[in-house]
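Coordinates in review
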Amino acid sequence: MASVQTALRELRGAQKSAKGVSLYSRFVNRPAGRYLAAGGHVLGLTPNQVTLISAAFSFAAVAAVAFAAPSWGLGIAVWAALAVGFAFDSADGQLARLRGSGSAAGEWLDHVVDAAKLTALHSCVLIAFYRFPEAYGTAGDGWLLVPLGFQFAAVVTFFGGLLTEKLKPRPEPGSPATAPSTLRAVALLPVDYGVFCLVFLLLGGGPLFAWAYAALGAVAVLFLLAFLAKWFRELSAVRR
């Protein structure tokens, strides 16, 4: 147990900046990931193994959405698996920093799993809408466009943000870190992946889930437009 406590103390000083992170990620997901990283360190797990554990939880939930009939019990199970998978997604990077074993291959694997998870999750919602139209109230063909639109917004936001961070110049060594904005952290809650996972608790509600999912999709599209304008403006000032 002492080893876990030692790992936790070291991890508290090895956290990434909270700038641009929602309240859920800052106060729920990252702390949960910290405990998982400490446990993984004691067990001798590598960051890549933790990434694969995250993938296992996430894709088990994805498959359940596509192939199981909706119910309240299914919703709880899917949400729990997605939330645990998301916490392990935070743990792999923290474990890498704790071990001093971060690598390009590890970062590549993490991003590939994230991209696959995003596309698979919305694809499986589409499958669920198609397979169980009476349960979800999605008999009209137009409903099948909702997961496609949500998927488009989520994937472009993910890759756009990732590419923007790669193209922006890095801060000068020793420059003070920008303090995280609480207002921004609150504003980002609607597009935080952990908050999005909560919608699956409504699976037993059928049409309630479909409409809540569609509402989050509309919000994701609006945020994407705002993000694209912001990122283009920031990168327009960068000379290469």
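In what follows, the accompanying structure is described.

Focus on the overall build of the protein chain
In terms of regular secondary structure, the protein chain is built from 10 helices and 0 strands. Taken from N to C terminus, the helices and strands of the protein chain fall in the order α-α-α-α-α-α-α-α-α-α. Computed over its C-alpha atoms, the radius of gyration of the protein chain comes to 19 Å, within 12% of the 18 Å expected for a compact globule of 240 residues. In terms of overall dimensions, the protein chain has C-alpha extents of about 55 × 50 × 30 Å along its principal axes. A separation of at least 24 residues holds for 82% of the contacts in the protein chain among residues at least 6 apart in sequence. Taken as a whole, the protein chain presents about 12,500 Å² of accessible surface, with 69% of it coming from carbon and sulfur.

Observations concerning the nonpolar core
If you look at the biggest cluster of nonpolar residues, it comprises 34 residues, and the most contacted ones within it are V78, L82, F129, F196, F200 and F209. Elements with a contribution of two residues or more to this core: helix 3 (47–67), helix 4 (72–99), helix 5 (104–131), helix 7 (145–167), helix 9 (193–197) and helix 10 (207–236). It is helix 10 that contributes the most residues to this core, 7 residues altogether. A37, V50, F88 and L95 belong to the second largest nonpolar core, which has 10 residues in total.

Re the packing of aromatic side chains
Summed over the entire model, instances satisfying the criterion amount to 19 aromatic pairs. Between the aromatic rings of F196 and F200, the centroid separation amounts to 5.5 Å while the plane-to-plane angle is 80°, which identifies the pairing as edge-to-face. Note on accessibility: F196 and F200 belong to one class, buried. Relative to F209, the ring of F200 has its centre 5.4 Å away and its plane inclined at 45°; by these criteria the two rings are tilted. With respect to class, F200 is no different from F209; both count as buried. Put simply, the rings of Y24, F86, F129, Y136, W143, F150, Y193, F196, F200, F209, W211 and Y213 pair up and form one aromatic cluster. The ring of Y193 carries the charged tip of K117 above its face, separated from the ring centre by 4.6 Å.

Side note on the side chain of S22
Along the chain, S22 turns up in the loop between helix 1 (2–12) and helix 2 (23–43). Using a relative accessible area of 4% as the deciding quantity, one classes S22 as buried. For S22, the residues in contact, after removing those within four places along its chain, are A185, L188, L189 and D192.

Notes on the packing of helix 5 against helix 10
Two elements in contact, helix 5 and helix 10, have axes whose closest approach is 12 Å; the angle formed by their N-to-C orientations is 145°. Two packed elements cross with a definite hand, and for helix 5 against helix 10 that hand is left-handed. Together, H122, V125 and F129 of helix 5 and F209, A210 and Y213 of helix 10 make up the contact between the two elements. A class-by-class count of the residues in the contact of helix 5 with helix 10 yields 5 nonpolar, 1 polar and no charged.

Here we look at the side chain of D114
You can see D114 is positioned in helix 5. Beyond its immediate chain neighbours, meaning those up to four positions away, D114 contacts D89 and F158.

Looking at the packing of helix 3 against helix 5
As a packed pair, helix 3 and helix 5 sit with axes 8 Å apart at the nearest point and diverge in direction by 10°. Judged by the inter-axis angle, helix 3 sits roughly parallel to helix 5. Tallied by class, residues from the contact of helix 3 with helix 5 come to 15 nonpolar, 4 polar and 3 charged.

Quick notes on helix 10
Here helix 10 is 30 residues long and its end C-alpha atoms lie 43 Å apart, about the 44 Å a rise of 1.5 Å per residue gives. Close packing links the buried residues of helix 10 with helix 5, helix 6 (133–136), helix 7 and helix 9.

Describing the environment of L225
Looking at where L225 falls in the secondary structure, it is placed in helix 10. As for L225 and P133, which are separated by 92 residues in sequence, their C-alpha atoms are 30 Å apart.

Digging into a nonpolar patch on the surface
Taken together, the side chains of V221, L222, L225 and L228 define a hydrophobic patch exposed on the protein surface, amounting to about 360 Å² of accessible area. Here L228 is to be found in helix 10. L228 sits in the partly exposed class, given a relative accessible area of 38%.

Calculation notes
- Residues numbered from 1 in each chain as written.
- Predicted model: local features only at pLDDT ≥ 70, side-chain atom pairs only at ≥ 80, totals over all residues.
- Heavy atoms only, no water.
- Helix = DSSP H or I, 4+ residues; strand = E, 2+ residues; numbered from the N terminus.
- Rg over C-alpha atoms; globule rule 2.2 N^0.38 Å.
- Contact = heavy atoms within 4.5 Å.
- Areas by Shrake-Rupley, 256 points an atom, 1.4 Å probe, with all protein chains shown as cover.
- Core = buried A, V, L, I, M, F, W, Y, C linked by side-chain atoms within 4.5 Å.
- Buried < 20%, exposed > 50% of the residue type's maximum accessible area, 1.4 Å probe, protein only.
- Phe/Tyr/Trp six-rings, centres within 6.5 Å; stacked < 30°, edge-to-face > 60°.
- Lys NZ or Arg CZ within 6 Å of the ring centre and 35° of its normal.
- Axes fitted to C-alpha atoms, helices over the stretch in contact; angles between N-to-C directions.
- Left-handed = near helix turned anticlockwise from the far one by under 90°.
- Nonpolar A, V, L, I, M, F, W, Y, C, P; charged D, E, K, R; others polar.
- Parallel < 35°, antiparallel > 145°, perpendicular 65-115°, else oblique.
- Expected span 1.5 Å × (residues − 1).
- Patch = residues over 30% accessible without salt bridge, like charges linked within 9 Å, V, L, I, M, F, W, Y side chains within 5 Å.
- Salt bridge = Lys/Arg side-chain N within 4 Å of Asp/Glu carboxyl O.

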